[in-house]
There are 2 protein chains.
Amino acid sequence: MKKLEGISLISNEGTLESWNDGPAKQSIIDFLKSSTEEGPNYVKPAGRIATFDNDGTLWVEQPVPVQLDFLFRVFANTAQNDPSLASKQPYKAILERDETFFQKALEQNPEAIMALEGAFAREWSGKTPDEFEAEVREFFATVKQEKFAANFTDLVYKPMLELFDLLKSYEYRVFVCSGGGRDFMRVISEETWGIFKENVIGSASEYEYHNGALTRGDRVLGGVALGPGKVEHVFARTGRLPVVAGGNGDVDIEMLESAKFRLFIHHDDDEREYAYENGAEKLLAIAEEKKYTIVSMKNDWNEIFR
Amino acid sequence: MKKLEGISLISNEGTLESWNDGPAKQSIIDFLKSSTEEGPNYVKPAGRIATFDNDGTLWVEQPVPVQLDFLFRVFANTAQNDPSLASKQPYKAILERDETFFQKALEQNPEAIMALEGAFAREWSGKTPDEFEAEVREFFATVKQEKFAANFTDLVYKPMLELFDLLKSYEYRVFVCSGGGRDFMRVISEETWGIFKENVIGSASEYEYHNGALTRGDRVLGGVALGPGKVEHVFARTGRLPVVAGGNGDVDIEMLESAKFRLFIHHDDDEREYAYENGAEKLLAIAEEKKYTIVSMKNDWNEIFR
């Protein structure tokens, strides 16, 4: 296996050892084989793009997605240092733990999105990538997930990392596309997923290069990578639609629909992880109707975490 | 060598056989060695990013850059079918061959840029990627470069393709970053440069995903990739600044300055290609002052075209 510092571009091996034998595992293997052999499913190597959502698809997203946990801590801290912000959104919602506001943001309510973008701009506008990275690293080094009392990066799903390896063995190029922050994920993508920064797609601020330095601007560039925005970001980044796509929530519907092989991660293991369908109701209905490959975390995975 | 349909991700070999022995060739080899061996120049594999301008760096840009040749033909055709446009920019400048307008565009004059963006939007807004690709393929199949009476894709510089291979042999990941159209270049990047579409960075329209189809919107997303915009686009795409960068014009200055190893392609071969410094005066002065690696097409290359 050719590795670049632990990052394999092309793998010569790939096992799904954390996957139990069953229809999900079999359908993955069958599709990958058929897409790389002559026949109706064949995909030329250049076209072999696989894209995966992050929160809830690659790691635990309960009780709150990691990216939001980070933002809420930063914004709460900012509001505590500047009480005039406490009556404004999104600070107000964070301080009051007002979930309806965040539901609105997920549904891309323009007012909620604008408030979040304003907070982004206030927090990081003018900062360099290194300054942002240091904040993110500090977060990952210090904050533990509630239920497991573990670092978030230890709560990445082992079966999904094995799937990345298997995809690479079939000469697929693996991308992560999340509504979360591109630059947030890039801090940990190489060491945690074996995915180069450039294969991480997500919502992102614009940057300005001025006097030899890059600093963050105050606008989110190209829209938030949720729903149709995921497909738009994937196309902008790769020039293609995905062949294989995986996700676990309603905001992944369009990305999965744009792919040939769709993987739906079903959170049904309350003991080893969480059991919930909240935010995935529409996707689950589509997955059942259109015969997506539905992965039961409870039944299809014999190990959960890497 | 591991190849994906002729596209090598990592090369095990790389010769610069079209390069004459001399200081340019030697400095490339010396830098690549030192950047991959222990020492002060060492760059970890994940950081090994190389970025190259396209027009004048990878292929002939005289008498007019290929991307502009394409646009001018399309826009002239549009103005001929709709005479009301003939008095408007950029149609007026195209029909009258008004070079001052295009000089303004290169200098990112807001009015000129806005006129060009308006023409982009008028021409392709609502069209699918496949429709655009078909137009670009038709252009490449039919239009010949004046001086050489050859297809543009046959006027790609062989020594630069050899350099791509050499870079890959040192586990660099090679990107093209041009002020020209990202989607225009992606049509030919894989077959012509051996560069996956996703490694092509450039100016680009936004796309909208709606009802299961991607169509072009009417805005250029993230600004034009010229000058500081090149660094901004490279960072957005890769999460890094380049280690190696190559260019040939003043619009490449910032990208080259952001890199550790800078290659300046000097067009000084009037017989086999063109000799000109127009649009490269500032870069040439910087290259001489800061001891960039200056490539004389006349003296350093024993073959020009692939």
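About the thresholds
Residues numbered from 1 in each chain as written. Chains lettered and ligands numbered in written order. Predicted model: local features only at pLDDT ≥ 70, side-chain atom pairs only at ≥ 80, totals over all residues. Contact = placed C-beta atoms within 7 Å. Nonpolar A, V, L, I, M, F, W, Y, C, P; charged D, E, K, R; others polar. Buried ≥ 20, exposed ≤ 12 C-beta atoms within 10 Å, placed from the backbone. Helix = DSSP H or I, 4+ residues; strand = E, 2+ residues; numbered from the N terminus. Pairing = 2+ DSSP bridges. Right-handed = clockwise from strand over helix to strand, strands pointing away. Domains from an automatic or database assignment. Least-squares fit on C-alpha atoms with pLDDT ≥ 70 in both. Core = buried A, V, L, I, M, F, W, Y, C linked by C-beta atoms within 7 Å. Expected span 1.5 Å × (residues − 1). Arc of directions from axis to C-beta. Axes fitted to C-alpha atoms, helices over the stretch in contact; angles between N-to-C directions. Parallel < 35°, antiparallel > 145°, perpendicular 65-115°, else oblique. Left-handed = near helix turned anticlockwise from the far one by under 90°.

> I keep staring at the interface of chain A and chain B and nothing clicks. Help me out?
Each side of the interface is counted separately: chain A has 36 residues, and chain B has 36 residues. In terms of residue class, the side of chain A that touches chain B is built from 16 nonpolar, five polar and 15 charged.

> Help me understand the pairing of strand β12 (residues 293-296) of chain B, please; the structure alone is not making it clear to me.
Regular strands show a simple pattern: their side chains alternate between the two faces of the sheet. Residue and element names in this part refer to chain B. What you see with β12 is a clean split: Thr293 and Val295 sit on the buried side and Ile294 and Ser296 on the side with no burial. Alignment of strand β11 (residues 261-266) against β12, held across four bridges, turns out to be parallel. The residue of β12 that forms the bridge with histidine 266 is serine 296. In this region the chain leaves β11, passes through helix α11 (residues 281-289) and returns to the parallel neighbour β12; the handedness of that crossover is right-handed.

> Looking at this structure, I do not really get the domain arrangement of chain A. What am I missing?
Where interface size is quoted, it is often the accessible area lost as the parts come together. All names here are of chain A. We note that the domain assignment places domain 1 (2-62 + 150-207 + 221-300) and domain 2 (66-145) within chain A. Using only C-alpha atoms to locate each centre, domain 1 and domain 2 end up separated by 26 Å. Between domain 1 and domain 2, the contact holds 19 residues from the first and 16 residues from the second. Those elements that place two or more of their residues in the side of domain 1 that touches domain 2 are β5 (150-151), β6 (173-181) and α8 (182-193). In terms of residues, the side of domain 1 that touches domain 2 owes the most to one element, α8, which gives four residues. When grouped by side-chain class, the residues that make up the side of domain 1 that touches domain 2 number eleven nonpolar, six polar and two charged.

> I tried to follow the relation of the copies chain A and chain B on my own but got confused; where do I start?
Put simply, the two copies of the chain differ by a rotation about an axis and a shift along that axis. Laying chain A over chain B is done by rotating through 180 degrees and shifting 0.0 Å along the axis; what remains is an RMSD of 0.0 Å. When the rotation and shift are considered jointly, the pair of chain copies conforms to a two-fold rotation axis.

> Help me understand the environment of glutamate 111 of chain B in this model?
Summarising the element assignment, glutamate 111 of chain B is placed in helix α5 (residues 110-124). Taking the C-alpha atoms as reference points, glutamate 111 of chain B and phenylalanine 101 of chain B, ten residues apart in sequence, are found 9.8 Å from one another.

> How should I be thinking about the environment of valine 295 of chain B in this particular structure?
Positionally, valine 295 of chain B belongs in strand β12. For the pair valine 295 of chain B and histidine 267 of chain B, spaced 28 residues apart in the sequence, the C-alpha separation amounts to 8.6 Å.

> Mind showing me how you'd approach the pairing of strand β9 (residues 213-220) of chain A here?
Residues and elements named next belong to chain A. In this sheet, β9 lies alongside strand β8 (residues 205-210) in antiparallel orientation, the contact comprising five bridges. Each residue of the ladder has a partner; that of tyrosine 207, found in β9, is arginine 216. Here β8 folds back onto β9 in antiparallel fashion, the turn holding two residues, of which asparagine 211 has a positive phi close to 50 degrees.

> Looking at this structure, how should I read the environment of glutamate 107 of chain B?
Residues and elements named next belong to chain B. Take glutamate 107: it is sitting in the loop between α4 (99-106) and α5. The class for glutamate 107 is partly exposed, based on 13 C-beta atoms found within 10 Å. Taking the C-alpha atoms as reference points, glutamate 107 and valine 251, 144 residues apart in sequence, are found 8.6 Å from one another.

> What exactly am I supposed to notice about helix α9 (residues 228-238) of chain A here?
Across the eleven residues that make up α9 of chain A, a large majority, ten, are buried. Inspection of α9 of chain A places Pro228, Gly229, Lys230, Val231, Glu232, His233, Val234, Ala236, Arg237 and Thr238 of chain A among the buried residues, and these make up the whole buried set. Buried positions along α9 of chain A lie against β3 (49-52), β6, β7 (200-203) and α10 (253-257) of chain A together with β8 (205-210) and β9 (213-220) of chain B. Note on α9 of chain A: the residue one or two positions beyond its end, glycine 239 of chain A, has a positive phi of about 75 degrees.

> Help me understand the nonpolar core in this model?
By size, the foremost hydrophobic cluster in this structure holds 79 residues, and its most contacted members are Ala50, Leu167, Val176, Val244 and Ala259 of chain B. Among the elements that make up this core, the one with the highest residue count is α5 of chain B (six residues).

> Please explain α5 of chain B as it appears in this structure.
Residue pairs spaced three or four apart in an α-helix point in one direction, given the helix's 3.6 residues per turn. Residues and elements named next belong to chain B. Across its 15 residues, α5 extends 21 Å between first and last C-alpha, which sits within 8% of the 21 Å expected from 1.5 Å per residue. Buried residues of α5: Ala112, Ala115, Leu116, Ala119, Phe120 and Trp124, and no others. All buried residues of α5 project into a common sector of 140 degrees when viewed along the axis, lining one side. More than 90 degrees from the buried face of α5, the exposed residues found are Pro110 and Glu111. Packing partners of the buried residues in α5 comprise α2 (66-81), α4, α6 (129-142), β8 and β9. Once α5 finishes, glycine 126 follows within two positions and takes phi at roughly 90 degrees, a positive value.

> In this structure, what is going on with the packing of α6 of chain B against helix α8 (residues 182-193) of chain B? I would like to understand it.
Two measures define how a pair of helices packs: the angle their axes make with one another and the distance between the axes. All names here are of chain B. One way to put it is that α6 packs onto α8 with a least axis distance of 10 Å and a crossing angle of 65 degrees. Classed by the angle they form, the pair α6 and α8 counts as roughly perpendicular. As for the relative orientation of α6 and α8, their crossing is right-handed in sense. Across from Pro129, Phe132, Glu133, Val136, Arg137 and Phe140 in α6, the residues of α8 making contact are Asp183, Phe184, Val187 and Ile188. Here the contact of α6 with α8 is built from residues that sort into seven nonpolar, no polar and three charged.

> Explanation requested: the packing of helix α4 (residues 99-106) of chain A against helix α5 (residues 110-124) of chain A in the structure shown.
All names here are of chain A. Between α4 and α5, whose axes approach to 7 Å, the crossing angle comes to 100 degrees. Judged on the interaxial angle alone, α5 and α4 are roughly perpendicular. The segment α4 lies against α5, with Phe101, Lys104 and Ala105 engaging Ala112, Ile113 and Leu116. Residue composition of the contact of α4 with α5, by class: five nonpolar, no polar and one charged.

> Would you mind going over the sheet that holds strand β6 (residues 173-181) of chain B with me for this structure?
The strands making up a sheet associate through hydrogen bonds between their backbones, and the pairing can be parallel or antiparallel. All names here are of chain B. Across the sheet, which stays open at both edges, the six strands sit in the order β7-β6-β3-β10-β11-β12 with parallel pairing between neighbours. Sheet topology places β7 (200-203) and β12 at the edges, where each strand pairs with a single neighbour. Across the sheet, the axes of successive neighbouring strands diverge by a mean angle of 20 degrees, strand direction being ignored. By the bridge criterion, four bridges tie strand β10 (residues 244-247) to β11 in an arrangement that is parallel. Bridge pairing in β11 links glycine 247 to phenylalanine 264.

> For this particular structure, what's the right way to read unusual backbone geometry?
Trans peptide bonds make up most of the peptide bonds, and negative phi angles are found at most residues other than glycine. The omega angle of the peptide bond from glutamine 62 of chain B to proline 63 of chain B is -5 degrees, so this bond is cis rather than trans. Residue position: proline 63 of chain B is located in the loop between β3 (49-52) and α2. Going from glutamine 89 of chain B to proline 90 of chain B, the amide bond is cis rather than trans, its omega being 0 degrees. Examined against the element boundaries, proline 90 of chain B turns out to sit in the loop between α2 and α3 (91-96). At alanine 149 of chain A, a position not held by glycine, the phi torsion is positive, near 45 degrees. Looking at the element boundaries, alanine 149 of chain A is found in the loop between β4 (144-145) and β5.

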